[in-house]
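# Coordinates in review
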Amino acid sequence: MIQVDHLVRSYGKFKAVNDVSFGVGKGQIVGLLGPNGAGKTTLLKMLTGYHFPQSGDIRIGGIDIVQQPQKAQALIGYLPENSPVYPELTVGEYLEFVAGVRGIDKALQAEAIDKALTQTDALAFRNKVASHLSKGQRQRVGLAQAILHNPEILILDEPTSGLDPHQILEFRQLILKIGQEKTVILSTHIMQEVEALCERVLIMNQGKIVAEGRAEEIARSLQGGNRYEVRFSGAKVEAVAPLLEKVAGLSVPPALAGETFLCTFPLDIAGGEALFDFAVAQKLKLISLVPCTISLEDLFVQLTKEETHAVPAEPLA
Ligand code: ATP
């Protein structure tokens, strides 16, 4: 549904997005993670046609966004970081304005607005002036404007930033509900948000994608395989260690942490079974066998720990 190849966008000499490539399949909810300044917003602005890339290709539903921006944009709903609700308009008036910009037929606008407000649980404040909305209500209206033209793709830039914990949970439920029928890219700093909503993650750092895939897969490849913590009782650690080193398939010798062995197997080996068979063969009591995966938070810290020393350019439009 979205295909991005070798995308570059600079501000002056500073490459905010530097040779980024990835694809997002139809119906997926993908989390875009990265520290401040990683280039997420710049990337999202290119995906939505607000910025053109200096080089590289973006295809939205097979349509080149540089060649046919309006056709590609018709497939996309965008909720920017700061929800663009005009303060002096009522919610209804604002959505009528957006419907006009989106080219929705006048006769169909009222129906489209009703539907979008219903889907975002925002019908109750249709006649409220936007400046009187709470932050949570404003985000719902922002989401309503994003889905007004019933796009296949939703791009959400830090949609829950600034919301209180109740509003965050409610807004996530909305994203999950609306996301059932759409392809979603969601930029966020919040790891629980990615864990709660996204089947895949793209991790960005210093303008590049540094990891991509399901969080568990990224964790496994980062730790070099499937890792298990295993403990036995009724045997001396010194006696078990040399035997354990001979377990078939171990990719590195087991490390010892207290009385617990840390064993790493290649990705295609069922390490848990091998360790269980080892315990049976050696007549050892297996008292714990725990697969270890790095948490998404640790993964994020490891992949993005290098500080950028590049100095961004002077602000450009
Ligand atoms: P955050 O999570 O803080 O929103 P981000 O990952 O969205 O950050 P971007 O907003 O895309 O990052 O910014 C990437 C880099 O480009 C940053 O170093 C930023 O200072 C720089 N940058 C962004 N917009 C401009 C601009 N208009 N002119 C110059 N530099 C810019």
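Residues numbered from 1 in each chain as written. Predicted model: local features only at pLDDT ≥ 70, side-chain atom pairs only at ≥ 80, totals over all residues. Heavy atoms only, no water.

### Comments concerning the overall build of the chain
Applicable threshold: Secondary structure elements are taken from DSSP: a helix is a run of H or I of four residues or more, a strand is a run of E of two residues or more, and numbering for both begins at the N terminus. The size measure is the radius of gyration over C-alpha atoms, and the globule rule it meets is 2.2 Å times the number of residues to the 0.38 power. Here the term buried applies to any residue with accessible area under 20% of the maximum for its type, exposed to any over 50%, and partly exposed to those in between, with areas from a 1.4 Å probe on protein chains only. We call two residues contacting when some pair of their heavy atoms lies within 4.5 Å. What sets the accessible areas is the Shrake-Rupley method with a 1.4 Å probe; for residues, cover comes only from the shown protein chains. The convention is simple: Lys and Arg are positive, Asp and Glu are negative, and His and the chain ends are not counted. For charged residues, the charge sits on one atom: NZ in Lys, CZ in Arg, CG in Asp, CD in Glu.
A count of helical and extended segments in the chain gives eleven helices and 14 strands. Relative to the compact-globule value of 20 Å for 317 residues, the chain shows a C-alpha radius of gyration of 25 Å, a clear excess of over 25%. With respect to the three principal axes, the spread of C-alpha positions in the chain is 80 × 45 × 35 Å. Here the chain, with 317 residues, has 47% of them falling under the buried criterion. Long-range pairs, those at least 24 residues apart, make up 70% of the contacts in the chain between residues at least 6 apart in sequence. Working note: accessible area of the chain is about 16,000 Å², and carbon and sulfur atoms make up 52% of it. Computing the positive centroid from 30 side-chain charges and the negative centroid from 36, the chain places the two 1 Å apart.

### Considering the domain arrangement of the chain
Spelled out, the test is: Residue ranges assigned to each domain were obtained from an automatic or database domain assignment.
On domain assignment, one finds that the chain holds domain 1 (2–218) and domain 2 (225–293). Distance between the C-alpha centres of domain 1 and domain 2: 45 Å.

### A few points about the pattern of salt bridges
If the charged atoms of two oppositely charged side chains come close together, the side chains can form a pair. Which entries qualify depends on this criterion: In what follows, salt bridge is the name for a side-chain nitrogen of Lys or Arg lying within 4 Å of a carboxyl oxygen of Asp or Glu.
Applying the stated criterion to the full structure yields seven salt bridges. Residue Asp114 pairs with Arg126 through a salt bridge whose shortest N-O separation is 2.3 Å. Taken together, the residues Asp114 in helix H4 (residues 106–119) and Arg126 in the loop between H4 and helix H5 (135–147) connect sequence positions twelve residues apart. On the basis of relative accessibility, which here comes to 35%, the residue Asp114 falls in the partly exposed class. Judged by relative accessible area, Arg126 falls into the partly exposed class, the value being 22%. Residue Glu212 pairs with Arg200 through a salt bridge whose shortest N-O separation is 2.7 Å. Placement of Glu212 in strand S10 (residues 208–213) and of Arg200 in strand S9 (residues 200–205) is noted, with a sequence separation of twelve residues between them. A relative accessible area of 38% means that Glu212 is categorised as partly exposed. According to the relative accessible area criterion, Arg200 is buried, its value standing at 14%.

### Describing the side chain of Thr120
Inclusion rule: Here a polar contact is recorded for every N or O atom pair within 3.5 Å, except that within protein the pair must consist of a potential hydrogen donor and a potential acceptor, and residues adjacent in sequence are included only if both atoms are side-chain atoms.
Relative to the helices and strands, Thr120 resides in the loop between H4 and H5. Look at Thr120 and you get buried, because its relative accessible area is 0%. Of note is the side chain of Thr120, whose polar atom sits 3.3 Å from the backbone oxygen of Leu117. Apart from the residues within four sequence positions on either side, Thr120 is in contact with Arg140, Leu143, Ala144, Ile147, Leu174 and Ile178.

### Some thoughts on the sheet that holds strand S6 (residues 76–79)
The cut-off we apply is this: Pairing between two strands requires that DSSP report at least two bridges joining them. Helix axes are fitted only over the stretch in contact, all axes being lines through C-alpha atoms; the angle between N-to-C directions runs from 0 to 180 degrees.
Pairing is mixed across the open sheet formed by six strands, whose spatial order is S6-S7-S8-S3-S9-S10. Strands at the two margins of the open sheet, each flanked by one partner only, are S6 and S10. Within this sheet the neighbouring strands show an average axis-to-axis angle of 15°, counted without direction. On top of the sheet, H5 reaches S6 and strand S7 (153–157); it is set at about 160° to S6, its chief contact.

### Focus: helix H1 (residues 40–47)
Among the eight residues that make up H1, six are buried, leaving the element largely enclosed by the rest of the structure. Positive backbone phi, at 85°, marks Gly49, one or two positions downstream of H1.

### Considerations on the packing of aromatic side chains
We apply this condition: Ring pairs shown here join Phe, Tyr and Trp side chains whose ring centres sit within 6.5 Å, with only the six-membered ring taken for Trp; geometry is labelled stacked below 30 degrees between planes, edge-to-face above 60, and tilted in between.
Per the stated rule, a full pass over the model turns up six aromatic pairs. The interplanar angle of 55° and the centroid separation of 5.3 Å between the aromatic rings of Tyr50 and Tyr78 together place this pair among those described as tilted. In this pair, Tyr50 is assigned in the loop between H1 and strand S4 (55–60) and Tyr78 in strand S6, connecting sequence segments 28 residues apart. Between Phe232 and Phe261, the ring centres sit 6.4 Å apart and the planes meet at 50°, which makes this aromatic pair tilted. Here Phe232 is found in strand S11 (residues 226–233), whereas its partner Phe261 is found in strand S13 (residues 260–265), with 29 residues between them in sequence. Taking the relative accessible area as the measure of exposure, Phe232 reaches 9% and is therefore buried. With a relative accessible area of 3%, Phe261 lands in the buried category. What links up through ring pairs into an aromatic cluster is the set Tyr86, Tyr94 and Phe97.

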